[in-house]
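# Architecture at a glance
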Amino acid sequence: MAAKDQDMATQAKNFKVAEEKLNVEATTGFADGFAEALVQTACANPGIDVSGCSLLNEVVDGKIVPLEVPEE
């Protein structure tokens, strides 16, 4: 029984590591895609200022404002 408990604890740890890795990869991919979209927007529309655009902002009432993140 102790061996099974140890095996389950090891599996849980491995799952946690895999989950964290996937979260980092997803976040990095999203951030890279957002950066590429900004570059393409600036290229296609040279007169548009995209300096205020960020993953940490949102549009409220037609204005770019900091994203409100709910506390956990």
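Let me begin by describing the structure that accompanies this report.

Calculation notes
Residues numbered from 1 in each chain as written. Predicted model: local features only at pLDDT ≥ 70, side-chain atom pairs only at ≥ 80, totals over all residues. Heavy atoms only, no water. Helix = DSSP H or I, 4+ residues; strand = E, 2+ residues; numbered from the N terminus. Rg over C-alpha atoms; globule rule 2.2 N^0.38 Å. Buried < 20%, exposed > 50% of the residue type's maximum accessible area, 1.4 Å probe, protein only. Areas by Shrake-Rupley, 256 points an atom, 1.4 Å probe, with all protein chains shown as cover. Salt bridge = Lys/Arg side-chain N within 4 Å of Asp/Glu carboxyl O. Pairing = 2+ DSSP bridges.

### Notes on the overall build of the chain
- Across its full length, the chain holds one helix and two strands.
- Ordering the α and β elements of the chain from the N terminus gives α-β-β.
- Here the C-alpha atoms of the chain give a radius of gyration of 20 Å, more than 25% beyond the 11 Å that 2.2 N^0.38 yields for 72 residues.
- Each of the three principal axes of the chain carries a C-alpha extent, and together these read 70 × 30 × 10 Å.
- The buried share of the chain, reckoned over its 72 residues, is 3%.
- Only carbon and sulfur atoms are counted for the fraction: they give 61% of the accessible area of the chain, which is about 6,400 Å².

### As for the pattern of salt bridges
- Evaluated as defined, the whole model comprises one salt bridge.
- A salt bridge links E19 to K16, with the shortest nitrogen-to-oxygen separation between them at 3.7 Å. With a gap of three residues between them, E19 and K16 both fall in helix α1 (residues 2–44), about one helical turn apart.
- Taking the relative accessible area as the measure of exposure, E19 reaches 42% and is therefore partly exposed.

### As for unusual backbone geometry
- Non-glycine residue D61 carries a positive phi angle of around 50°.
- You can see D61 is positioned in the loop between β1 (57–60) and β2 (63–66).
- Judged by its relative accessible area of 76%, D61 falls in the exposed class.

### Structural notes on the pairing of β1
- Pairing of β1 with β2, which is carried by four bridges, proceeds in the antiparallel orientation. Opposite N57, over in β2, you have P66 as the bridge partner.
- The hairpin turn running from β1 into β2, its antiparallel successor, is two residues long, and D61 in that turn takes a positive phi close to 50°.

### Notes on the environment of A12
- Looking at the secondary structure, you find A12 in helix α1.
- The spacing of A12 and L55 is 43 residues in sequence and 32 Å in space, taken between C-alpha atoms.

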